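Descriptive analysis of the structure
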Amino acid sequence: MATQYEITGTNAKGIAASIERGVADGALTPGSSLPPVRALAERLGVSPGTVATTYKELRRRGIVVTRGRGGTVVAEAPAVASRRPPKVPEGLRDLAGGHPDPAFLPEPVPPARVAGAARSHRAAPRLARLEEITRAWYERDGVPSAHVTFAHSALDCVARLLSTELRPGDAVAMEDPGYHHMLDLVPALGLRIVPVAVDDEGMRPEELRAAVRGGVRAVICSPRSQNPYGGCFTASRRDALAAVLAEAPEVLVIENDYAAEVCGAPLHSLTAGGGLPRWAQVRTVTKHLGPDLRWAAVACDATTLARHDGRLLLTSGWVSHLLQETVAGLLTDPSALALVAEARTAYTARREALIGELARRGISAHGRGGLHVWVPVRDEAAVVSGLRSAGWWVAAGARFRIGTAPGVRITTADLRPQEAERLAADFAAVLGEAQATYGG
């Protein structure tokens, strides 16, 4: 139980604010137990109903969770503090950040001027040139392109779509393990996560079916380069998932194809063929053009387009035309496209090199596409600590998991083949030490 932080307040609103401050300041850390309802009520001189209302509101907002007899505890990723990764210790080889290799990123050159820059762009938020490029980008992979729009990032787009479609308390089916920032976002919007386990081919159909029949209002998935597992839809898996979704045509399906250009695997999208009534596919350029280019393309159905753009109009209004011009220039620059092609080949080789080296030592790993390799382990902390001692910094899987088994995520984007051999050897040594310690 949290005893170092004094919760205050005389009503539900005040008590909730006090607990939220404690979480935001770090005084109440993830997993910290809150006092039982009656105990806190007695301490503050309020009714048990007031404290129960407080805890219910904090649960709705994703700040705390209830674990049955385990009581109410601070969420692992409280909505008032994103689960940011720990700072990389000095002198370690960083394989935890998830970033592309800077050697393959083209130099962005903003245009000298944008036509009509002095006026508002609300009437024409999208550059016609970039809209045409975007349609061609989607059509190349068989994604319907009748309705496209832009956003500031994948998370920005998903937040806008969910906030216009769902209401607090609604359920969203999400990958487990999954992208940690997306796992933070959904409860921050007051929504409930229904985890769906993944494998090398993406979401498992039987688990998605259970989530759909349980009443989820939206599904968020990655058709390829699934982060952190590296799964990619096959044609058969895509068809099986589409059959499940056909049972619930009212469910909004959001595909996050964030690494489309450097995945190294073909796209088998749920959107192909136009069978989904409500859908959106989001693509970004951060992994192949640069992390600071906060631009996303969105292809979707007509209703989703209207709701997304209506909300965008009321907030930021439009995506910077200066940014749009920069992205359009890079997407049509032959030298930039050649660099992207090099990156795609290199990322595939580097990912497969590590998986191969680990396999040679009897270690199973996953990563059919993208920038990461997921390695199941029994004790994440022991592996992270052991690899740290050997000079490596990898990501503990707890940031990405809800209910699935432990693992570590290794970003292979700039991991050279000779480094892969050394990392695999060190990994095997760490596992051997852990087995000797915990093998009974």
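Going along each chain's sequence as written, the residues are numbered from 1 onward. Note on the predicted model: pLDDT of at least 70 is required for a residue's local features to be given, and 80 or more for side-chain atom pairs to be given and counted; whole-chain, interface and lining totals, by contrast, use all residues. Hydrogens and water are ignored here; the side-chain numbers use all heavy atoms of the structure.

A separate point is helix H7 (residues 205-213). Helical geometry: 3.6 residues make up each α-helical turn, so side chains three or four residues apart lie on a common side. Throughout, exposure labels follow a simple rule: accessible area from a 1.4 Å probe, protein chains only, divided by the maximum for the residue type, with under 20% read as buried, over 50% as exposed, and the rest as partly exposed. Each helix corresponds to a stretch of at least 4 residues labelled H or I by DSSP, and each strand to a stretch of at least 2 residues labelled E; elements are numbered beginning at the N terminus. All of the buried residues in H7 are Pro 205, Leu 208, Ala 211 and Val 212. Along the axis of H7, the buried positions cluster into a sector of 120°, meaning they face one direction only. Set apart from the buried face of H7 by more than 90 degrees, the exposed residues are Glu 206, Ala 210 and Arg 213. Pairs of residues are marked as contacts when any of their non-hydrogen atoms sit within 4.5 Å. Against the buried residues of H7 lie strand S5 (171-176), strand S6 (192-199), strand S7 (202-203), strand S8 (218-221) and helix H8 (235-245). Looking one or two residues beyond H7, the residue adopting positive phi is Gly 215, at roughly 100°. The directions considered for the arc are those from the helix axis to the C-beta atoms.

The next thing to look at is the domain arrangement of the protein chain. The start and end points of each domain follow an automatic or database-based domain assignment. What the domain assignment reports for the protein chain is domain 1 (12-74), domain 2 (93-100 + 341-438) and domain 3 (122-334). Taking only C-alpha atoms, the centre of domain 2 and the centre of domain 3 are 27 Å apart. The interface is formed by 23 residues belonging to domain 2 together with 26 residues belonging to domain 3. For any pair of parts, buried area is found by adding up, for both, the accessible area (1.4 Å probe) each one loses once the two are put together. Of the roughly 2100 Å² buried where domain 2 meets domain 3, counting both sides, 57% is carbon and sulfur surface.

So, about the side chain of Ser 222. For Ser 222, the position within the fold is in the loop between S8 and H8. What makes Ser 222 buried here is its relative accessible area of 6%. Once residues lying within four places of it in the same chain are set aside, the contact partners of Ser 222 are Glu 175, Phe 233 and Asn 256.

Below, the discussion takes up the packing of aromatic side chains. The geometry of an aromatic ring pair is captured by two quantities: the separation of the ring centres and the angle between the planes. Centre distance within 6.5 Å is the pairing criterion for rings of Phe, Tyr and Trp, where only the six-membered ring of Trp is used; planes under 30 degrees apart are then read as stacked, over 60 as edge-to-face, and the remainder as tilted. Evaluated as defined, the whole model comprises four aromatic pairs. Summarising the aromatic geometry, the rings of Phe 104 and Tyr 347 are spaced 5.8 Å apart at their centres and angled 90° between planes, so their arrangement reads as edge-to-face. Note that Phe 104 is positioned in the loop between strand S3 (93-94) and helix H4 (128-140) and Tyr 347 in helix H11 (residues 334-360), a separation of 243 residues in sequence. The exposure classification of Phe 104 matches that of Tyr 347, with both residues buried. The lysine or arginine in question, Arg 283, covers the ring of Trp 137, its NZ or CZ lying 5.2 Å from the ring centre. Counted as over-ring charges are cases with an Arg CZ or a Lys NZ within 6 Å of the ring centre that also lie within 35 degrees of the ring normal.

In this model, Asp 176 is joined to Pro 177 through a cis peptide bond whose omega is 0°. On the secondary structure map, Pro 177 appears in the loop between S5 and helix H6 (180-188). Here Ser 225, not a glycine, exhibits a phi torsion of approximately 55°, which is positive. Assignment of secondary structure puts Ser 225 in the loop between S8 and H8.

With that out of the way, let us pick up the environment of Pro 266. Within the fold, Pro 266 resides in the loop between strand S9 (252-256) and strand S10 (279-284). On a C-alpha basis, the gap between Pro 266 and Arg 224 in space is 7.9 Å, while along the polypeptide they are 42 residues apart.

A separate point is the packing of helix H2 (residues 37-44) against helix H3 (residues 48-60). Every axis corresponds to a line fitted to the C-alpha atoms, with the helix fit spanning only the stretch in contact, and the corresponding angles, defined between N-to-C directions, vary from 0 to 180 degrees. At a minimum axis distance of 8 Å, the contact between H2 and H3 shows a crossing angle of 120°. Crossing of H2 over H3 shows right-handed handedness. Where H2 approaches H3, its residues Val 37, Arg 38, Leu 40 and Ala 41 are matched on the opposing element by Pro 48, Val 51, Ala 52 and Tyr 55. Three residue categories are used. Nonpolar comprises Ala, Val, Leu, Ile, Met, Phe, Trp, Tyr, Cys and Pro, charged comprises Asp, Glu, Lys and Arg, and polar comprises the others, including Gly. Class assignment for the residues of the contact of H2 with H3 results in seven nonpolar, no polar and one charged. Crossings are classed by handedness, with left-handed meaning an anticlockwise turn of the near helix from the far one by less than a right angle and right-handed meaning a clockwise turn.

Two quantities define a packed helix pair, namely the angle between the axes and the distance from one axis to the other. Between H7 and H8, the shortest axis-to-axis distance is 9 Å and the interhelical angle comes to 15°. The angle between the axes of H7 and H8 places the two elements in the roughly parallel class. For the crossing formed where H7 meets H8, the hand is right-handed. Residue-level contacts link Pro 205, Leu 208, Arg 209 and Val 212 of H7 to Arg 237, Ala 240, Leu 241, Val 244 and Leu 245 of H8. Of the residues in the contact of H7 with H8, the class split is seven nonpolar, no polar and two charged. Reported orientations rely on four angle classes, namely roughly parallel under 35 degrees, roughly antiparallel over 145, roughly perpendicular from 65 to 115, and oblique for the rest.

Further remarks concern the state of the cysteines. Two cysteine sulfurs form what is called a disulfide whenever their separation falls within 2.5 Å. Under the definition given, this model contains zero disulfides. You can see Cys 263 has no disulfide; the closest cysteine sulfur is in Cys 232, sitting 4.1 Å from it.

With that out of the way, let us pick up the pairing of strand S15 (residues 407-411). Counting buried positions along S15 gives five out of five residues, so the element sits mostly inside the fold. For two strands to be treated as a pair, DSSP must find at least two bridges joining them. Direction of pairing for strand S12 (residues 372-376) relative to S15: antiparallel, over a ladder of five bridges. Opposite Val 373, over in S15, you have Ile 410 as the bridge partner. Pairing analysis gives two bridges linking strand S14 (residues 395-396) to S15, with the strands arranged antiparallel. Within S15, the residue paired with Ala 395 across the bridge is Arg 409.

With that settled, consider H8. By the burial criterion, the buried members of H8 are Arg 237, Arg 238, Leu 241, Val 244 and Leu 245. One side of H8 holds all its buried residues, which, seen down the axis, span an arc of 120°. Taken together, the buried residues of H8 touch S6, S7, H7, S8 and S9.

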